[in-house]
Amino acid sequence: MAQTVRFILGDEIRELTDIDPTMTVLTYLRTVERRTGTKEGCAEGDCGACTVVLGIPDGDRVRYRAVDSCILFVATLDGKQLITVEDLRDRDGSLHPVQQAMVDCHGSQCGFCTPGFVMSLFALYHCELEPSDRRISDVLAGNLCRCTGYRPIIEAARRMYANGNGDRFTAVESAVIEQLRSIQRADTLTLMHGGRTYYAPVSLSTLASLVERHPDARLLSGGTDLGLLVTKQHEDLDTLIYLGDVRELQTVCADGDQIEIGAAATFTDAFDAVADHYPDFGELLRRFGSVQVRNTGTLAGNIATASPIGDSLPALMALDARLVLRRGGTTREVGLDEFFVGYRRTAMQPGEFIERIRIPIHTRRRFAAYKISKRFDQDIASVCAAYSLALDGSTVRDIRIAYGGMAPTPRRARLCEQALAGCPWNEATVEQASHALDRDFAPITDLRASSAYRSLVARNLLRKFQLETTHGAVETRIVVYAEHCHG
Ligand SMILES: Cc1cc2nc3c(=O)[nH]c(=O)nc-3n(C[C@H](O)[C@H](O)[C@H](O)COP(=O)(O)OP(=O)(O)OC[C@H]3O[C@@H](n4cnc5c(N)ncnc54)[C@H](O)[C@@H]3O)c2cc1C
Ligand code: FES
Ligand code: FES
């Protein structure tokens, strides 16, 4: 049984034995390592001031991923490389190309947010050689700057490739791979500290028996929900079982008729498979949190959290996704629309967990998903909607309609679905059927939206879907814009 967290900090191996497993990486860096370049802005994954980069072994390469250190537990660093802004400058004192570009383009003013920007750009520098402007914006959406403005930072992102994208990290990549291999473990990491216990198994069977033996333990995946319980609610998490090291759960596979996503696959890992088959779902995921959140957060975590405004849930429901739930050596499959049984309550039994998610690949249905939020990036939805439509000619054979933000759980609009089945798919029938939504849902008013607004948006999104499936997206946008302008 391993009892030491081993990771590489910059280029040196660190071994931590007596460590609080729920200490955040940010706290560890600032208070133990005294690396104060990494800043705390919000302590909830929103501002990006705490961005660091993880090096994760991937065959003969190292995958560099930007993450928010404020909600990442230090125990989860085991087997990885941690790179902070202090590591970037070369031994001869020269700045890293990313840092140099930020200086040259005047991309830093207060300096507080700058290390986070630099680290996000460093990860981009290592992943892509010619990112589009849209990609640069996506990468920077998880870093907030309130003074310099984004223009010079975007310019720095373009300029950092002036000499290609090789740096001293590229030069020592094979040595880092060797180092990373030397700290991989074959058995469960178990930490006990101050009354807290942390298990990080590497096999599915050990995970299953741990969860069965400790039905009250909190399961930890990306920690983008759970981390906030520690940093914001100051909750004591007594027993944690980490899923992220279980190889069998990291897989994403799309065969002929379904996409299967393991519970420990991050949004970033799952993105291509989902976006290839369902571009609208891909767009939803592109707007999910930030790159940092998507680099650690998982679809399974989003489902298990069972939030009424979990972004992926209406889309998964409309697509008729199914969950493989495991308890010990037994599995069962549950449809997503039977999974949510009440506000933040699910059909999971004690000792059970989500092993994987199965999304059918529908080739003959029309699918669309929409997220309505006050800000485009990094915002919580007021309403999310997803539709999956099968037509016989121009008649609705069946339609699956699911909404988030309209009820205590994400839910299908069964009455509206029934009202549309067998009807011609046109504006008049959709307009009529959309009133059934008022019987399907009685949404609440809260700080994000009023009940009336939510109901109106829900109806309008259905109309938008009908227009888009009939006229195409561009024309629809013009129609909606024209309607908006003319009242
Ligand atoms: C800055 C920020 C932005 C965000 N933006 C969005 C957004 O745009 N849209 C959105 O929907 N959410 C958003 N979230 C919420 C969060 O990122 C998601 O809910 C995410 O999918 C959670 O996944 P995770 O792996 O991090 O879960 P964790 O935090 O590790 O776990 C979440 C919960 O699920 C349980 N759990 C995890 N895995 C399993 C499993 N396999 N089986 C059973 N239980 C399990 C855990 O015990 C815990 O209760 C955001 C969060 C942050 C911090
Ligand atoms: S401190 Fe704001 S994202 Fe971590
Ligand atoms: S440079 Fe720090 S907020 Fe803009």
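What you see is a predicted model, and the numbers here were worked out from it, not measured in a lab.

The assigned domain composition of the chain is domain 1 (5–182), domain 2 (189–248) and domain 3 (250–485). Computed from C-alpha coordinates alone, the two centres of domain 1 and domain 2 are separated by 25 Å. Counting residues at the interface gives 17 residues for domain 1, matched by 18 residues for domain 2. Partitioning the side of domain 1 that touches domain 2 into residue classes produces 9 nonpolar, 4 polar and 4 charged.

Right, let's talk about the sheet that holds strand 10 (residues 252–254) for a bit. If you walk across this open sheet you meet the 5 strands as 10-11-16-12-13, and the pairing is antiparallel. Where the open sheet ends on each side, the last strands, each with one partner, are strand 10 and strand 13 (330–335). Sheet twist, expressed as the average angle between the axes of neighbouring strands with direction ignored, equals 20°. In terms of strand pairing, strand 12 (residues 322–327) meets strand 13 through 6 bridges, oriented antiparallel. Its bridge partner being in strand 13, Arg327 is matched across the sheet by Thr330. Of the strands in this sheet, strand 10 and strand 11 (258–262) touch helix 10 (residues 267–277), which is tilted by about 20° from strand 10.

Turning next to the site of ligand 1. The local shell around ligand 1 holds 30 residues, among which Gly45, Gly222, Gly301, Asn302 and Ala304 are the closest. It is helix 13 (residues 299–305) that provides the largest number of residues to the shell around ligand 1, a total of 5 residues. By residue class, the composition of the shell around ligand 1 is 12 nonpolar, 13 polar and 5 charged.

This part takes up unusual backbone geometry. Here Ala43, not a glycine, exhibits a phi torsion of approximately 60°, which is positive. For Ala43, the position within the fold is in the loop between helix 1 (25–32) and strand 3 (51–58). Overall, Ala43 belongs to the buried group, with 20 C-beta atoms counted inside 10 Å. Look at Ala306: it is not a glycine, yet its phi comes out positive at around 60°. Along the polypeptide, Ala306 turns up in the loop between helix 13 and helix 14 (312–318).

Our next topic: the nonpolar core. Residues Leu121, Tyr387 and Ala458 are the most contacted members of the largest nonpolar core, which totals 135 residues. Counting residues per element, this core draws most heavily on helix 3 (residues 114–127), at 8 residues. Leaving out residues up to four positions away in the same chain, Tyr387 has contacts with Ala318, Phe367, Ala368, Ile399, Ile401 and Phe465.

Bringing the pairing of strand 12 into the picture now. Adjacent in sequence and paired antiparallel, strand 12 and strand 13 are bridged by 2 residues, among which Gly328 carries a positive phi angle near 60°. Strand direction decides the pairing type here: strand 12 and strand 16 (residues 353–360), joined by 5 bridges, are antiparallel. Bridge pairing links Arg322 to Arg358 in strand 16.

Our next topic: the sheet that holds strand 2 (residues 12–16). Taking strand neighbours across the sheet as the criterion, the 5 strands line up as 2-1-5-3-4 in an open arrangement whose pairing is mixed. Two strands in the sheet have a free side with no partner beyond their single neighbour: strand 2 and strand 4 (61–68). Looking at each pair of strands side by side, their axes are set apart by 30° on average, direction ignored. In the sheet, strand 3 pairs with strand 5 (residues 81–83) via 3 bridges, with the strands oriented antiparallel. Considered in strand 5, the bridge of Leu54 is made with Leu82.

Conventions used here
- Residues numbered from 1 in each chain as written.
- Chains lettered and ligands numbered in written order.
- Predicted model: local features only at pLDDT ≥ 70, side-chain atom pairs only at ≥ 80, totals over all residues.
- Domains from an automatic or database assignment.
- Contact = placed C-beta atoms within 7 Å.
- Nonpolar A, V, L, I, M, F, W, Y, C, P; charged D, E, K, R; others polar.
- Pairing = 2+ DSSP bridges.
- Helix = DSSP H or I, 4+ residues; strand = E, 2+ residues; numbered from the N terminus.
- Axes fitted to C-alpha atoms, helices over the stretch in contact; angles between N-to-C directions.
- Near = placed C-beta within 6 Å.
- Buried ≥ 20, exposed ≤ 12 C-beta atoms within 10 Å, placed from the backbone.
- Core = buried A, V, L, I, M, F, W, Y, C linked by C-beta atoms within 7 Å.

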